[in-house]
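Residue-level structure breakdown
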Amino acid sequence: MNTREIRADYDDRSVVVYQAYSPHIAEPALDAQRFVAPFKLERMTWIKPSFLWMMYRCGWGLKEGQERVLAIRILRSGFDWAVANAVSSRVVGGNPDVRVQWDPERDLHLRPQQHRAIQIGLRGDAVRRYVHDWTVSITDVTGLAHEIHGLVRAGDLEAAAKHLPAERPYGTNTAPSAYF
């Protein structure tokens, strides 16, 4: 595996990204099947195609303000546009609509791995596109997160791994080579 490789659950039309929110934001989004108030279009929002990295970030959906884990299925064309228009988070200055950073991928114990998972930060026009044009569906996967976490805590890593979303290398020809 490359040290920087996008891995995702995807099909011919769409790709799954993850975010975690409080019920205050998650419930209206689930009802509307897109982000609506109190979600704020004016803020940067980070999408993550790695389920385990999301679990690390939200503590299996147990961190305050991140109790609901959402799987957002977005159009591949939107995801590819975001990657192609991204600026590294290491670049200082400017106000790009898309930032990308690579963080250590995580295992079932949420320990860092040698390879890195992509995180994509959206703001401005990119957030508007994400919310209004790219979102296909939003699913609450909090129960899945808790189930896998329970299996990990019980020491049944084989069963836990079987419940993970099927993530595989995601090829995009639109990504700037500097980020890969």
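Structural data are supplied above this passage.
Keep in mind the model is a prediction, meaning the values are calculated, not measured.

Assigned secondary structure in the protein consists of 6 helices and 9 strands. A globule of 180 residues ought to have a C-alpha radius of gyration of about 16 Å, and the protein, at 16 Å, matches this closely. Across the 180 residues of the protein, 48% fall into the buried class. Of all intrachain contacts in the protein linking residues separated by at least 6 positions in sequence, the fraction that spans at least 24 positions is 75%. Of the roughly 8800 Å² of accessible surface on the protein, 48% is carried by carbon and sulfur atoms. Across the protein, the 23 positively charged side chains and the 21 negatively charged ones have centroids separated by 6 Å.

Along strand 4 (residues 68-75), 6 of the 8 residues are buried, which leaves the element largely enclosed by surrounding structure. Here 8 bridges tie strand 2 (residues 14-21) to strand 4, and the two strands are oriented antiparallel to one another. Considered in strand 4, the bridge of Ala20 is made with Val69. With 5 bridges connecting them, strand 4 and strand 8 (residues 135-140) associate as antiparallel partners. From the neighbouring strand, Leu70 faces strand 8, where its bridge partner is Asp140.

Take the pattern of salt bridges next. Enumeration over the complete set of coordinates arrives at 7 salt bridges. The closest approach of N and O atoms between Glu5 and Arg7, which form a salt bridge, is 3.3 Å. In this structure Glu5 comes out as buried when scored by relative accessible area, which is 17%. According to the relative accessible area criterion, Arg7 is partly exposed, its value standing at 22%. A network of salt bridges, in which partner residues are shared, links Glu27, Arg68 and Asp140.

Within the open sheet, the 4 strands sit side by side as 3-7-6-5. Their pairing is mixed. Lying at the two open borders of the sheet, with one neighbouring strand each, are strand 3 (45-47) and strand 5 (87-88). The sheet strands contacting helix 3 (residues 76-84) are strand 6 (98-106) and strand 7 (112-122), and the helix crosses strand 7 at an angle near 100°. The strands touched by helix 4 (residues 125-134) within the sheet are strand 3, strand 6 and strand 7, with strand 7 carrying the most contacts at an inclination of about 85°.

Before going further, it helps to examine the pairing of strand 7. With 3 bridges connecting them, strand 3 and strand 7 associate as antiparallel partners. Looking at strand 7, one finds that Thr45 is bridged to Leu122. Of the pairings in the sheet, the one linking strand 6 to strand 7 comprises 8 bridges and is antiparallel in character. Residue pairing for strand 7: Asp103 is matched across the bridge by Ala117. Once strand 6 ends, the chain turns through 5 residues before running back antiparallel as strand 7, passing Leu110 with a positive phi of about 65°.

Our next topic: the environment of Gln33. Structurally, Gln33 can be placed in the loop between helix 1 (23-32) and strand 3. With 44 residues separating them along the chain, Gln33 and Ser77 place their C-alpha atoms 19 Å apart. When near neighbours in sequence (up to four residues on either side) are disregarded, Gln33 contacts Thr135, Ser137 and Ile138. At 2.9 Å, the side chain of Gln33 forms a polar contact with the backbone oxygen of Leu30.

Reading the values: the criteria
- Residues numbered from 1 in each chain as written.
- Predicted model: local features only at pLDDT ≥ 70, side-chain atom pairs only at ≥ 80, totals over all residues.
- Heavy atoms only, no water.
- Helix = DSSP H or I, 4+ residues; strand = E, 2+ residues; numbered from the N terminus.
- Rg over C-alpha atoms; globule rule 2.2 N^0.38 Å.
- Buried < 20%, exposed > 50% of the residue type's maximum accessible area, 1.4 Å probe, protein only.
- Contact = heavy atoms within 4.5 Å.
- Areas by Shrake-Rupley, 256 points an atom, 1.4 Å probe, with all protein chains shown as cover.
- Lys, Arg positive; Asp, Glu negative; His and termini not counted.
- Charge placed at Lys NZ, Arg CZ, Asp CG, Glu CD.
- Pairing = 2+ DSSP bridges.
- Salt bridge = Lys/Arg side-chain N within 4 Å of Asp/Glu carboxyl O.
- Axes fitted to C-alpha atoms, helices over the stretch in contact; angles between N-to-C directions.
- Polar contact = N/O pair within 3.5 Å; in protein donor to acceptor, adjacent residues only side chain to side chain.

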